[in-house]
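# Notes for the structure review
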Amino acid sequence: MSNAYEEYMRQMVQPMRDELTRAGFKELTTAEQVESFMENMKGTALVVVNSVCGCAAGLARPAATQGVLRSEKKPDHLITVFAGQDKEATAKMREYFEGLEPSSPSMALLKNNQVVHFIPRHDIEGMPMETVMENVMGALADHC
């Protein structure tokens, strides 16, 4: 029975994954992929911790994609991990968010492997999409 549930969840979240990957985000699905990326990363990376939550993630994904699209300054890397789906990858990525409480969805702008800007769920949920998008754009303008 758990195999049927897992397959159902994979099918259900695929459009949520696709929304970011179509916009150029690279999906990291294993702890090893996260570790390899982080060990070799140079420059800046916008990391979106994706999630199923409709009230916040439904704002986070378009805010991230539109924020990057509309920003004059772009990060060197666009990365996503999926909380609740790719648990080991998400846990490994959160290890790099030193001192920050786990939050999903959330966004972190990293510069040389250090978080320079973080947008937790409480700064996404209930906000107009434009407000979240402007938060992303401001971070990119300041750090990229």
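Quantities reported herein were computed from a predicted structural model and do not represent experimental measurements.

## Quick look at the overall build of the chain
Helix and strand content of the chain: five helices and five strands. Taken over C-alpha atoms, the radius of gyration comes to 14 Å for the chain, in line with the 15 Å a tight globule of 144 residues would show. Taking the principal axes of its C-alpha atoms as reference, the chain extends roughly 50 × 35 × 30 Å. Taken across its 144 residues, the chain has 43% of its residues classed as buried. Of the accessible surface of the chain, which amounts to about 7500 Å², a share of 50% is contributed by carbon and sulfur atoms.

## Concerning helix H4 (residues 87-95)
Where H4 is concerned, the buried positions are Ala89, Thr90, Lys92 and Met93. Around the axis of H4, the buried residues are gathered within 165° of arc, so they sit on the same side. Counted as exposed and oriented over 90 degrees from the buried face of H4: Lys87, Glu88 and Glu95. On the buried face of H4, the contacting elements are helix H2 (31-40), strand E2 (44-50) and strand E3 (77-82).

## Notes on the nonpolar core
Phe25, Leu46, Val48, Met107, Ile124 and Val136 are the most contacted members of the largest nonpolar core, which totals 21 residues. Only E2, helix H3 (54-70), strand E4 (106-111) and helix H5 (129-143) provide two or more residues apiece to this core. With six residues, the top contributor of residues to this core is H3. Dropping the residues within four chain positions of it, Val136 is found in contact with Leu46, Ala63, Ala64, Gly67, Val68, Met107 and Ile119. If you look at the next biggest cluster of nonpolar residues, it comprises 17 residues, including Ala45, Val81, Ala108 and Leu110.

## Details of the sheet that holds E2
Spatial ordering of the open sheet is given by E1-E3-E2-E4-E5, a layout of five strands whose pairing is mixed. With one partner strand each, in any of the chains shown, strand E1 (26-27) and strand E5 (114-119) form the two edges of the open sheet. Across the sheet, H2 is in contact with E1, E2, E3 and E4; its angle to E3 comes to roughly 155°.

## Quick look at the side chain of Ser103
Take Ser103: it is sitting in the loop between H4 and E4. Leaving out residues up to four positions away in the same chain, Ser103 has contacts with Val49, Arg94, Phe118, Pro120 and Arg121.

The rules we used
Residues numbered from 1 in each chain as written. Predicted model: local features only at pLDDT ≥ 70, side-chain atom pairs only at ≥ 80, totals over all residues. Heavy atoms only, no water. Helix = DSSP H or I, 4+ residues; strand = E, 2+ residues; numbered from the N terminus. Rg over C-alpha atoms; globule rule 2.2 N^0.38 Å. Buried < 20%, exposed > 50% of the residue type's maximum accessible area, 1.4 Å probe, protein only. Areas by Shrake-Rupley, 256 points an atom, 1.4 Å probe, with all protein chains shown as cover. Arc of directions from axis to C-beta. Contact = heavy atoms within 4.5 Å. Core = buried A, V, L, I, M, F, W, Y, C linked by side-chain atoms within 4.5 Å. Pairing = 2+ DSSP bridges. Axes fitted to C-alpha atoms, helices over the stretch in contact; angles between N-to-C directions.

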